[in-house]
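Residue-level listing of the chains:
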Amino acid sequence: MNVVSTTVRVVLSIALVCLAPALSATETDWLELREGHEGKKIQAKVQRIKLPELGSDGGQQVTVTIPKSKMKGKNKVHEVIVVGQRDGKEEILPGISYEWSEDYESDSYGLIIKLEKMQDFPIRVYLKDDLPLPDHQ
């Protein structure tokens, strides 16, 4: 293998890793972490931001509403991936958890995202509705 083909393989591998969250997923626009910010892509809206209690080392809770007309249903979502954009670079945020709020609004789902650390840069949410194929061993 020569240096050029190795470099091409590395670049393609990195591109696939970066695109992996988007494969078979509904995604939001970049959402600013401020209440009221609404993306255009699926009209996801940052409805509420709850800051951690003083003295705790956790991150904030972000409630995002998503119009029901833009999703097949929250029960179809098998994984939520949150990507942050800092200094022009995208990275999957580690240690997030999420839950769906019960009947947030009649025409929207409420997604509560719990971030591991305080964040102040835009996030994008991927709602993955695919499942890996089972192993047939």
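Further up the page is the structure itself.
The structure contained in this document is the topic of the report that follows. (Residues numbered from 1 in each chain as written. Predicted model: local features only at pLDDT ≥ 70, side-chain atom pairs only at ≥ 80, totals over all residues. Heavy atoms only, no water.)

Let us now look at the sheet that holds strand β4 (residues 79–86). Spatially, four strands are ordered β1-β8-β4-β5 in an open sheet, and the strand pairing comes out antiparallel. Each edge of the open sheet carries a strand with a single partner, namely β1 (25–27) and β5 (89–92). The average angle at which neighbouring strand axes cross in this sheet is 25°, direction not considered. (Pairing = 2+ DSSP bridges. Helix = DSSP H or I, 4+ residues; strand = E, 2+ residues; numbered from the N terminus. Axes fitted to C-alpha atoms, helices over the stretch in contact; angles between N-to-C directions.)

On to the environment of arginine 48. The topology assignment puts arginine 48 in strand β2 (residues 45–50). Taking the C-alpha atoms as reference points, arginine 48 and threonine 63, 15 residues apart in sequence, are found 5.0 Å from one another. Setting aside anything within four residues of it in sequence, one finds arginine 48 in contact with Glu35, Gln61, Val62 and Thr63. (Contact = heavy atoms within 4.5 Å.)

Glancing now at the packing of aromatic side chains. With the rule as written, the count across this model stands at one aromatic pair. Their ring planes at 70° and their centres at 6.1 Å tell us that tryptophan 100 and tyrosine 109 sit as a pair that is edge-to-face. Residues tryptophan 100 and tyrosine 109 agree in their burial class; the two are buried. Over the ring of tyrosine 109 we find lysine 68; its NZ or CZ atom is 5.5 Å from the centre of that ring. (Phe/Tyr/Trp six-rings, centres within 6.5 Å; stacked < 30°, edge-to-face > 60°. Buried < 20%, exposed > 50% of the residue type's maximum accessible area, 1.4 Å probe, protein only. Lys NZ or Arg CZ within 6 Å of the ring centre and 35° of its normal.)

What follows concerns the pairing of strand β7 (residues 108–114). With respect to burial, β7 is a largely interior element, six of its seven residues being buried. By the bridge criterion, seven bridges tie strand β3 (residues 61–67) to β7 in an arrangement that is antiparallel. Its bridge partner lying in β7, valine 62 is registered against isoleucine 113.

In this structure the tally under the stated criterion is four salt bridges. The salt bridge partner of glutamate 27 is lysine 41, with a shortest N-O separation of 3.1 Å. A residue pair is termed long-range when its members are at least 10 positions apart, and glutamate 27 in strand β1 and lysine 41 in the loop between β1 and β2 qualify at 14 residues. By relative accessible area, glutamate 27 is classed as buried at 17%. Assessed through its relative accessible area of 43%, lysine 41 is described here as partly exposed. Glutamate 27 serves as the salt-bridge partner of arginine 124, at 3.6 Å between the closest nitrogen and oxygen. Of this pair, arginine 124 sits in strand β8 (residues 123–128) while glutamate 27 sits in strand β1, placing them 97 residues apart in sequence. Glutamate 27 carries the same exposure label as arginine 124, and that label is buried. Look at the salt bridges and you will find they share partners, linking Glu27, Lys41 and Arg124 into a network. (Salt bridge = Lys/Arg side-chain N within 4 Å of Asp/Glu carboxyl O.)

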